Amino acid sequence: MDLVGLLIKRKNIKYFEHFVVFIIVIYAGNTTEFTNAEESWNDPIGMLLPIVSVATLALLKGVRFNQKYFLLLIGFVMYFVATTLYFGQVHPRFFGIYIIRITSVYLVVSALGFRFFEVYEDVLYFLSIIAVVFWVILNIIPTTFIEFLRPFEFSSQGNEKGNVDFNVLFYTIGNYTLFPDSIVHLGGLPIIRNAGFCWEPGVFASFVNIAIFSNLLRNRFKLKNNKHLIVFIIAIGSTLSTTGYSLFILLLMFYLYNQEVYKVV
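Residues numbered from 1 in each chain as written. Predicted model: local features only at pLDDT ≥ 70, side-chain atom pairs only at ≥ 80, totals over all residues. Heavy atoms only, no water.

Colleague: I'm lost on the nonpolar core in this one. Help?
Modeller: In a soluble, globular protein the nonpolar side chains are often hidden away together inside. The biggest cluster of nonpolar side chains holds 60 residues, and the ones touching the most others in it are Val25, Leu124, Leu138, Ile173, Phe197, Val208 and Ile212. In contact with Ile212, not counting residues within four places along its chain, are Leu229, Phe232, Ile236, Phe248 and Leu251. (Core = buried A, V, L, I, M, F, W, Y, C linked by side-chain atoms within 4.5 Å. Buried < 20%, exposed > 50% of the residue type's maximum accessible area, 1.4 Å probe, protein only. Contact = heavy atoms within 4.5 Å.)

Written out as structure tokens, the structure is:
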């Protein structure tokens, strides 16, 4: 293969890496029946999409199963057998779910290594920009924007929507009528909390905090010209989540701990 062909192939693999991590992140957000198919097994396409995507990445990267993987698998099988005997009930779907998850995690970590955090950060940066833009528009013209997005609903929420009204893959509209906690009143001004692509704001904030942690480590705690960090901080602020703010404070302490004393002062 010539040099140009090799570069094109590497570029395509890079895009596919981002696609796989994007799939993992969206499924972790778990706001629709489609993304919940990993647990419910009710939607064959929703269930197979992450499995096929991760398996394809592993094949492209030449991943092989090693002794540690099989030891982990044996340990889980022993745990499953022990709990089955203890409770006197067999749950084959529970067994299948965790076998798939253990295998998927092994394949992704083996394929990407530490690069996973770089790709994860890129994906969260993209999703955070969308979340912040949509959140601003939602708070300016809530009714109009909600009705504009509704026809683009991705999958469904099932018979009981819970705290989610609908999801458009990249963004979640909360069920603000039934769950008033999704709206915070600051000085009499109602502000809709930003749930991003997740089922609730605290979860979205947690994902963003992980991206900040990755960003600090990869950039060796440099804040200057760090556009990813700026977007992440704005995204966390928009969630109005005590969980998100608490995690962010811990990250601030982590940052200060890794600075020279005169810089902290």
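Alright, that's what it looks like, and here's the rest.
Colleague: How should the packing of helix α9 (residues 227-239) against helix α10 (residues 242-257) be read in this particular structure?
Modeller: For any two helices packed against each other, the geometry is given by the interaxial angle and the distance between the axes. Packing of α9 against α10 brings their axes to within 8 Å, and their N-to-C directions diverge by 145°. Between α9 and α10 the crossing geometry is left-handed. Counted together, Ile233, Ile236, Gly237 and Thr239 of α9 and Gly244, Tyr245 and Phe248 of α10 form the full contact between these two elements. Looking at the contact of α9 with α10 residue by residue, the classes come out as 4 nonpolar, 3 polar and no charged. (Axes fitted to C-alpha atoms, helices over the stretch in contact; angles between N-to-C directions. Helix = DSSP H or I, 4+ residues; strand = E, 2+ residues; numbered from the N terminus. Left-handed = near helix turned anticlockwise from the far one by under 90°. Nonpolar A, V, L, I, M, F, W, Y, C, P; charged D, E, K, R; others polar.)

Colleague: Please explain the packing of aromatic side chains as it appears in this structure.
Modeller: Both the distance between ring centres and the angle between the ring planes are used here to describe each pair of aromatic rings. Applying the stated criterion to the full structure yields 30 aromatic pairs. Their ring planes at 15° and their centres at 5.6 Å tell us that Phe65 and Tyr106 sit as a pair that is stacked. On the criterion of sequence distance, the pair formed by Phe65 in the loop between α3 (44-61) and α4 (67-87) and Tyr106 in helix α5 (residues 92-112) is long-range, its members being 41 residues apart. Ring centres of Phe145 and Phe148 lie 6.3 Å apart, and the angle between their planes is 20°; on these two criteria the pair is classed as stacked. Of this pair, Phe145 and Phe148 are both found in helix α7 (residues 142-149), 3 residues apart, which corresponds to roughly one turn of the helix. Through a chain of ring-to-ring contacts, the aromatic side chains of Phe76, Tyr79, Phe80, Phe94, Phe95 and Tyr98 assemble into a single cluster. Sitting over the ring of Tyr98, Arg101 keeps its end group 5.4 Å from the ring centre. (Phe/Tyr/Trp six-rings, centres within 6.5 Å; stacked < 30°, edge-to-face > 60°. Lys NZ or Arg CZ within 6 Å of the ring centre and 35° of its normal.)

Colleague: How should the side chain of Thr35 be read in this particular structure?
Modeller: Among the secondary structure elements, Thr35 is positioned in the loop between α1 (3-29) and α2 (37-40). There is a polar contact of 3.4 Å between the side chain of Thr35 and the backbone nitrogen of Thr31. Apart from residues no more than four positions distant in its own chain, Thr35 is found in contact with Ile26, Tyr27 and Asn30. (Polar contact = N/O pair within 3.5 Å; in protein donor to acceptor, adjacent residues only side chain to side chain.)

Colleague: Quick question: what am I supposed to make of the packing of α4 against α5 here?
Modeller: Contact geometry of α4 with α5 gives a least axis separation of 11 Å together with a crossing angle of 160°. Between α4 and α5, the angle falls in the class roughly antiparallel. Between α4 and α5 the crossing geometry is right-handed. Residues Tyr69, Leu72, Leu73, Phe76, Val77, Tyr79 and Phe80 of α4 touch α5, and the partners they reach there are Phe94, Phe95, Tyr98, Ile99, Ile102, Thr103 and Tyr106. For the contact of α4 with α5, the residue count by class is 13 nonpolar, 1 polar and no charged. (Parallel < 35°, antiparallel > 145°, perpendicular 65-115°, else oblique.)

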